[in-house]
Amino acid sequence: MAGTNAPAPAWFDPALSAARRMAPLRAGTRGIMSEAPRRPASIAVLTSGGDAPGMNPAVRAVVRTAVHHGVDVYAVYEGYRGLVDGGPAIRRLESSDVGGILQRGGTVIGTARSEAFRSRQGRLRAARNLLEHGIDALVVIGGDGSLTGADLFRQEWPGLLSELVDTGEVDAAVTSAHPFLRLVGLVGSIDNDMFGTDMTIGADSALHRITEALDALHSTAASHQRAFVVEVMGRHCGYLALMASLATGANWVLIPEHPPESDDWADTMCSALRAGRDIGRRQNVVIVAEGAQDRKGNPITVDDVKRLLEDNLGEDTRITILGHVQRGGAPSAFDRYLGTLLGHAAVRQLLKDAPDAPAQLIGIRENQVISSPLMDCVQKTHAVAERIEAQDYETALQLRGGSFRESFGMLRTLQRAAPRSAATGGRNRRIAIVHGGGPAPGMNTAVRVAVRLGLDRGHTMLAVNNGFRGLRDGDVHEMDWMSVSGWVSSGGAEIGTNRYVPGAAAVARIADQMTAHRIDGLLMIGGWSGYRAAHTLHSARARHASLDIPIVCMPTSINNDLPASELSIGSDTALNSIASDVDKIKQSAVASRRCFVVEVMGRDCGYLALMSGMATGAERVYIPEEGITLADLQADVGVLAEGFRGGKRLGLVIRSENADALYTTGFIHALFEKEGGDLFDVRDAILGHIQEGGDPSPFDRIQATRLTARCVDYLTGQLESDGRASAMIGLQSGAVTFTDLASYPKLIEPEAQRPLAQRWMNRRPLAHEMVGRPPG
């Protein structure tokens, strides 16, 4: 809320605003009731502070959820300035008013700083403006400063209303109908620096921007053998810098929470970068968080680092400051989903809470929506900055959480030019890496991490070419540290993959190859066929002693159809690919009053269809779990026709490839086109294998790194204790878990290629609500 006021928007009329303030509010004004209701009379939503991708999906979800529950909903345009100015800055919305904003960056209702709101007089005007519309509940989307200001407003509300009555501006009957201001906050910030949520709205999109820029810089840096020093945003939080370093293989990172450990940090950094050059690395990339400093609190800038690299190493060095491009552009698929999920939960929280309940912050933790006391979260957020200011860096790092510390430790290992010389002790262990199933973005990232962490623990790391067929044929070779250089950002599968599952004769040949190559442990990074193949080997250990070894399966499939994990590596990249393609399709459709039927992959699992439908605003999603009936199609074509008669210009239907054997994409296209007549035309788009391609998203790179590190730890622990347990690693309720590989058959559908438990199906009602469909 600090800073100078921006110019008044074009719609602002000072005379009208003044006239509204002078006219006293009387009982009977629209939205005003004679006694306080249990649930809000009306809800308002505003965005404040810096914009963040994903704010628009959150606004859309607030509006549509409120309308779904029969509550009037208003948008406050231009943030707190609009709240103070009132008049046309506060507008009632319907569901149709937020159509088409899901994929737009920034915030369509605007954000502006307001000095006036910082004063009690300004907040008095804001209270009157809300009462004029019968509004007594707020959803504020912004950072810690915006949320702090909102809570102050909430606390002052009874006093502000008393003052308005005393001055005669508002009737006592009006204020008695709205004695409390309900408040829920959502964190819209690219910095991911707020307690109360694992991810803030906008952080994932910012990582996309940073990762895209760094991937591009890597190629030009390598071409000229240059060094690049890149500054990223984040204020007092090093999340963006740390995760971007993990996702792009940066060679050094400087973050506020963990300054260099010694005064000669410059020499340490330069020695590490020189070692990389000595083994043939063609580029050096150093990432500097904007709040980076040394242990004494002195700022470390990109100019400082550039000078060090030029003076100490003689490097041809360039600086890139990414700046506000990090907060721009369309939101990622995850931020569209997150904004939708949290906006929906915010309204439900307001409907559930008592009128005088403390303000809540809605966030996501361990993949579940949670609510926390808003000001507790703000105070804990400020505590980190205070610890950094006090140079208590250990506490600051602890306050960021275990995954932040874990990620920093992994990064320090991966950034080395070579593994540590000391082995783990005992005999040398040989671990093989194999893929199985279709290709998925993130496979190469995982192999890179497995090789480097395994070597760092003293193991010999082997790569199996061409999946389990290659293992059968003995196509196995040893990997060294630099053999996986550049793999962090590469799509596809460098060591090859296929859907081959060995039979009994092939299992015997594989057992012989395991003996020949002295393989002590196996890491399978892959999908459905890979899991089947790994379970086949595990089941044969009683017949073949060489197969009595620990095996770990890591879920890597765009379909997200694997047991013992709620998420698979590769699915986020596929979702972003689908969202990007469908955004373009929608632009085409709007120009010509058209309905598109888009087919996505997934085999027997509807995850990609449902989640991409939520990310793109599809009106109908067909998935294998539900199937398709003729009655469904008749109802859907009727809804489409009614919408086009009402003036809509776009229809979007998403169909999972195996949703129904009879009602194919072509069939639906033909049916809709016939019934649409002159109202609208129909096209289909089968996205196909483009969904399996492309470089992995930041999320898939980071999760591949995280899960692979745990797999290497698991195998190391088994081998050092002479264990033989095999497992499937996974993410369940946000935690990393290991499930006995022997239980694989019990966790999958007997007649379909999907697991029995699919928690993402719980989001089906939300998807219906966002497009105004009845549940079912």
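Keep in mind the model is a prediction, meaning the values are calculated, not measured.

About the criteria used
Residues numbered from 1 in each chain as written. Predicted model: local features only at pLDDT ≥ 70, side-chain atom pairs only at ≥ 80, totals over all residues. Heavy atoms only, no water. Helix = DSSP H or I, 4+ residues; strand = E, 2+ residues; numbered from the N terminus. Rg over C-alpha atoms; globule rule 2.2 N^0.38 Å. Buried < 20%, exposed > 50% of the residue type's maximum accessible area, 1.4 Å probe, protein only. Contact = heavy atoms within 4.5 Å. Core = buried A, V, L, I, M, F, W, Y, C linked by side-chain atoms within 4.5 Å. Phe/Tyr/Trp six-rings, centres within 6.5 Å; stacked < 30°, edge-to-face > 60°. Salt bridge = Lys/Arg side-chain N within 4 Å of Asp/Glu carboxyl O. Pairing = 2+ DSSP bridges. Polar contact = N/O pair within 3.5 Å; in protein donor to acceptor, adjacent residues only side chain to side chain. Axes fitted to C-alpha atoms, helices over the stretch in contact; angles between N-to-C directions.

Engineer: I'd like a description of the overall build of the protein chain, backed by residues and values.
Structural biologist: Regarding its fold elements, the protein chain presents 24 helices and 22 strands. For 776 residues, the compact-globule estimate of 2.2 N^0.38 gives 28 Å, and the C-alpha radius of gyration of the protein chain, at 28 Å, lies within 12% of that figure. With the principal axes as the frame, the protein chain shows a C-alpha extent of 90 × 70 × 45 Å. Expressed as a percentage of the 776 residues in the protein chain, the buried residues total 60%. Summarising the internal contacts of the protein chain: among those between residues at least 6 apart in sequence, 80% fall at separations of at least 24.

Engineer: Tell me about the nonpolar core, and please be specific about residues and values.
Structural biologist: Side chains that are nonpolar tend, in soluble globular proteins, to be buried together. Judged by nonpolar contacts, the single largest core of 137 residues is most densely connected at V139, L186, Y239, I287, V598 and L608. Top contributing element to this core by residue count: helix α11 (residues 333-352), with eleven residues. For V139, the contacting residues outside a window of four places in its chain are I43, A44, V45, L46, V62, V184, L186, A346 and L350.

Engineer: Which residues make up the packing of aromatic side chains, and what are the values?
Structural biologist: In total, this model carries ten aromatic pairs according to the counting rule given. Judged by centre distance (4.5 Å) and plane angle (20°), the rings of F644 and F680 are stacked. In this pair, F644 sits in helix α21 (residues 630-645) while F680 sits in the loop between α22 (665-676) and β20 (681-686), placing the two residues 36 residues apart along the sequence. A relative accessible area of 1% places F644 in the buried class. Among the aromatic residues, those joined into a ring-pair cluster are Y80, F117, F153 and W157.

Engineer: Now, about the pattern of salt bridges: what can you tell me, with residues and values included?
Structural biologist: As enumerated under the stated definition, the model contains 44 salt bridges in all. The closest approach of N and O atoms between E406 and R710, which form a salt bridge, is 2.9 Å. Residue E406 is found in helix α14 (residues 402-414), and its partner R710 is found in helix α23 (residues 698-720); the two are separated by 304 residues along the sequence. Between R416 and D456 there is a salt bridge, with its nearest N and O atoms 2.8 Å apart. Highlighted residues: R416 in the loop between α14 and β12 (430-436) and D456 in helix α15 (residues 443-456), separated in sequence by 40 residues. Taking the relative accessible area as the measure of exposure, D456 reaches 3% and is therefore buried.

Engineer: Would you mind going over the pairing of strand β10 (residues 360-365) in detail, with residue names and values included?
Structural biologist: The buried fraction of β10 amounts to five of the six residues, a majority that puts the element mostly inside the structure. By the bridge criterion, three bridges tie strand β5 (residues 182-187) to β10 in an arrangement that is parallel. Within β10, the residue paired with V184 across the bridge is Q360. As judged from the six bridges shared by β10 and strand β11 (residues 368-373), these two strands associate in the antiparallel manner. Each residue of the ladder has a partner; that of L361, found in β11, is S372. A loop of two residues connects β10 with β11, the two strands running antiparallel in sequence, and E366 in this loop sits at a positive phi of about 50°.

Engineer: Describe the environment of G526, naming the residues involved and giving the relevant values.
Structural biologist: Examined against the element boundaries, G526 turns out to sit in strand β15 (residues 521-526). Leave out the neighbours within four places in its chain, and G526 touches G436, M443, Y531, M554, P555, T556 and L562.

Engineer: Lay out the environment of P88 in plain terms, naming residues and giving numbers.
Structural biologist: Within the secondary structure layout, P88 lies in the loop between α3 (79-85) and β3 (90-93). On the basis of relative accessibility, which here comes to 29%, the residue P88 falls in the partly exposed class. Put simply, P88 and G470 are 382 residues apart on the chain and 68 Å apart in space, counted from C-alpha to C-alpha.

Engineer: Before we move on, can you summarise the side chain of R655 with the specific residues and values?
Structural biologist: For R655, the location among the structural elements is in strand β19 (residues 650-656). Given a relative accessible area of 2%, R655 falls into the buried group. For R655, the side chain forms a polar contact with the main-chain oxygen of Y663, separated by 3.1 Å. Those residues in contact with R655 that sit more than four places away from it in its chain are V598, E599, V600, Y622, I628, D660, Y663, T664, T665 and I668.

Engineer: Explain helix α20 (residues 607-616) to me, using residue names and the numbers behind them.
Structural biologist: Counting buried positions over the ten residues of α20 gives ten, a clear majority of the element. The set of residues buried in α20 consists of Y607, L608, A609, L610, M611, S612, G613, M614, A615 and T616. Those residues of α20 that are buried lie in contact with α11, α19 (571-590), β17 (594-600), β18 (620-622), β19 and α24 (764-770). Two residues or fewer after α20 comes G617, characterised by a positive phi angle close to 80°.

Engineer: Provide a residue-level description of the sheet that holds β17, including the pertinent values.
Structural biologist: The strand order across the open sheet built from four strands is β18-β19-β17-β20, with neighbouring strands paired in parallel fashion. With one partner strand each, in any of the chains shown, β18 and β20 form the two edges of the open sheet. When the angles between neighbouring strand axes are averaged without regard to direction, this sheet yields 20°. Against the sheet, α19 contacts β17, β19 and β20, and its axis sits at roughly 165° relative to β17. Against the sheet, α22 makes contact with β17, β18, β19 and β20, and its axis sits at roughly 170° relative to β20, the strand it touches most.

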